[in-house]
Amino acid sequence: MRRRIDPLYVASAIIAVAAIVVLLVTTTAPGGSASRSGSVYDDGPGGAGALRRYLEAMGARTTTLQGGTFEPGPARVIFMLGVSEGVSDADVAKLRRFVRSGGTVVLATELGLLERSLLDAFGMRVTGIAAGGTHALATAAFADPVARSFAFDRGVALGVGADADVLATDGRAPLIAAVRDGDGLFVAAGSLWPFLGGGLGQADNARVVLALARPALASSGVVAFDEFHHGVHPTSDVLVLLQETWPGRALVFAAIVTFLYLVLSGRR
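This structure is a prediction, so every number in the text was calculated from the model and none was measured.

About the criteria used
Residue numbering note: each chain is counted from 1, following its sequence as written. Selection of residues for local features in this predicted model requires a pLDDT of at least 70, selection of side-chain atom pairs for listing and counting requires 80 or more, and totals for whole chains, interfaces and linings are taken over all residues. Where side-chain values are given, they derive from all heavy atoms of the structure, hydrogens and water being excluded. Only DSSP runs of H or I with at least four residues qualify as helices, and only runs of E with at least two residues qualify as strands; both kinds are numbered from the N terminus onward. Partly exposed residues are those whose accessible area sits between 20% and 50% of the maximum for their type, while under 20% is buried and over 50% is exposed, using a 1.4 Å probe and protein chains only. Throughout, the protein atoms alone are placed on a 1 Å grid, and a set of points is a cavity if a 1.4 Å probe fits but cannot get out or a pocket if it is open with protein on both sides within 12 Å along at least five of seven lines; lining residues have an atom within 4 Å of a point. Grid points are joined across faces, edges and corners, and a volume is the space filled by probe spheres set on the points. Residues were grouped as follows: Ala, Val, Leu, Ile, Met, Phe, Trp, Tyr, Cys and Pro as nonpolar; Asp, Glu, Lys and Arg as charged; and all remaining residues, including Gly, as polar. Pairing between two strands is assigned when DSSP locates at least 2 bridges connecting them. Structural elements are reduced to axes, namely lines fitted to C-alpha atoms, with helices fitted over the stretch in contact, and the angle between N-to-C directions of any two is expressed from 0 to 180 degrees.

Draft legend 1. The arrangement of the environment of L210 in detail. Relative to the elements of secondary structure, L210 occurs in helix α5 (residues 205-212). Owing to a relative accessible area of 4%, L210 belongs among the buried residues under this scheme. The spatial distance from the C-alpha of L210 to the C-alpha of F142 is 9.0 Å, given a sequence separation of 68 residues.

Here's what the structure looks like:
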């Protein structure tokens, strides 16, 4: 007679495998990949490693934001490029305080899902698919250095409030927009391509990005790249991994559900 496998054994095995995956993913940095990681640890066409080197060559000091918790630190400009973890309400509050005190946050997204709370905080939203291609620029925001056009292959159109400044469009709707809050600025871009290694050299993309980083260069400040929301939590504290990362929280939820099942089913 064939022995039936208890589903609890299967659930336990799945949770164990998930725990190993969480520990591996959250204790290592993103590596090179053909996909769009937006990470400075990715030197490929889909990473921001080339952007970091470019800004350093132009005189900027750069750093990364990573660790057990998200902290803006001494940065003057923060680039958040294609985050892969949800931005929590606590992190949104920290970013708003950072902007109000004079900082600049540049958020680039092609979905707007994981960053929705941050977009909402500054009165922005994703409204549809943007029209890729090369588009002309006609704004003083990109006068230093002079940028006349930008190029991207895919992205999303933005919906902005009346207090926002539209810095670039796809010919139909805003693609890059900025909102001033206190002494600082929040900038949202509907495409990652101008910031990535594969797109930085197209049209005047490099000059567009340099203009966005100008507040740090003009004040000898620091340009920080957000790696925390790319899942870089290099810590040996398992409790931090479980409490401060979305995969860890999902693992805790699965463990709680399994425990409740055991209690309610009366099984030992």
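Draft legend 2. Examining empty space enclosed by the protein more closely. All told, the structure shown has one cavity of 30 Å³ or more when counted by the stated rule. Taken as a whole, the largest cavity spans an internal volume of roughly 40 Å³. Contributing to the lining of the largest cavity are F150, L175, I176, A189, S191, P194, F195 and V208. Taken together, the residues that form the lining of the largest cavity break down as seven nonpolar, one polar and no charged.

Draft legend 3. View of the sheet that holds strand β11 (residues 222-226). Strand order across the open sheet formed by seven strands is β1-β11-β2-β3-β10-β9-β8, with mixed pairing between neighbours. Only two strands of the sheet have a single neighbouring strand rather than two, namely β1 (61-65) and β8 (165-169). Ignoring strand direction, the axes of neighbouring strands in this sheet form an average angle of 20°.

In short, the description is geometric, and any link to function would need to be established separately.
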